[in-house]
Amino acid sequence: MENVILDQAKLDRTLKRIAHEILEAHSNVEDLVLIGIKTRGIFLANRLSQKIQEIDGNEVALDHLDISFYRDDLTYRYDSQLPKVEKADFTQVLKDKTIILVDDVLYTGRTIRAALDAILTYDRPKRIQLAILVDRGHRELPIRADYVGKNIPTSKEERIAVRLTEVDGEDQVVIIRP
């Protein structure tokens, strides 16, 4: 059973609000780098960058990150064959920049911990912040988002599915109940 939490219009408004919050906190976007976490975080970071440019007129640096190499739970997530994983290779200079990690759902915090490991292995940014479309709770690590689109308290049996046009052919966020 699925319930739509954010439709296309609400998702767009939510990203616009997050873009405004980022601009309010950072007067100089030249010092920012948005890093989208594979897969949907990359597309959300692209959209946030576009919205910031529409509002402010300045372009924000973009990069992406596949955290598979840095996960601590690969053997738990994949029963048979492990995925091909590679070290992070950023195209942007991260040293002395403010990094805003962008992802779709914040749950246990393990994905974000892996992203932090990847960034700090690569370089030493001035600050790292987190922008999340949906925070569903149930943290296993002491991680919180600086910019949150929507808080959706869930049970552990429920799932949150973020569907984006670039990947899924539609824009919506749904809660899936067993």
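That block above? That's the structure.
In this convention, every chain numbers its residues from 1, walking through the sequence in written order. For a predicted model such as this one, the threshold for reporting local features is a pLDDT of at least 70, and the threshold for listing and counting side-chain atom pairs is 80 or more; totals across whole chains, interfaces and linings nevertheless cover every residue. For the side-chain quantities, the full set of heavy atoms in the structure was used; hydrogens and water were omitted.

Caption draft 1: Spatial organisation of the sheet that holds strand β1 (residues 2-6). Strands sit in the order β1-β8-β7 across an open sheet of three strands; the sheet is antiparallel. Either end of the sheet is taken by a strand with one partner, and the two such strands are β1 and β7 (159-163). Direction aside, neighbouring strands of the sheet carry axes that sit 30 degrees apart on average. For two strands to be treated as a pair, DSSP must find at least two bridges joining them. Helix and strand definitions follow DSSP, with helices as H or I runs of at least four residues and strands as E runs of at least two, each counted in order from the N terminus. Pairing of β1 with strand β8 (residues 172-176) involves four bridges; the strand directions are antiparallel. Bridging from a neighbouring strand, Glu2 pairs with Ile176 of β8. Throughout, a residue-residue contact means that at least one pair of heavy atoms, one from each residue, lies within 4.5 Å. Only C-alpha atoms enter the line fits that serve as axes; for helices the fit covers just the stretch in contact. Angles between N-to-C directions range over 0 to 180 degrees. Where helix α1 (residues 8-25) meets the sheet, its contacts fall on β1 and β8, and the angle it forms with β1 comes to roughly 40 degrees.

Caption draft 2: Spatial organisation of the pattern of salt bridges. Think of a salt bridge as a Lys or Arg side-chain nitrogen and an Asp or Glu carboxyl oxygen that are within 4 Å of each other. In the structure shown here, the tally under the stated rule is twelve salt bridges. Of the charged contacts, one joins Lys51 and Asp12 as a salt bridge, the two residues approaching to 2.6 Å between their closest N and O atoms. With a gap of 39 residues between them, Lys51 in helix α2 (residues 40-56) and Asp12 in helix α1 connect regions that are remote in the sequence. The partner of Glu166 in a salt bridge is Arg47, and the shortest N-O contact between them spans 2.7 Å. Remark: Arg47 occurs in helix α2 and Glu166 occurs in helix α5 (residues 165-168); sequence separation between them is 119 residues. For every residue, the accessible area obtained with a 1.4 Å probe (protein chains only) is divided by the maximum for its type, and the residue is called buried under 20%, exposed over 50%, and partly exposed between those limits. Assessed through its relative accessible area of 40%, Glu166 is described here as partly exposed. Owing to a relative accessible area of 14%, Arg47 belongs among the buried residues under this scheme.

Caption draft 3: How the structure looks around helix α4 (residues 110-122). The span you would expect from a helix comes to 1.5 Å times its residue count less one. Relative to the 18 Å expected for 13 residues at 1.5 Å per residue, α4 spans 19 Å between its end C-alpha atoms, a close match to the ideal helical length. Among the residues of α4, Ile112, Ala114, Ala115, Ala118 and Ile119 are the ones counted as buried. Angularly, the buried residues of α4 cover 160 degrees about the axis, an arc narrow enough to put them on a single face. Tucked into the core, α4 has its buried residues touching β2 (32-37), β3 (61-65), β4 (98-106) and β5 (127-135). Directions are taken from the helix axis to each C-beta atom, and the arc is the one they span.

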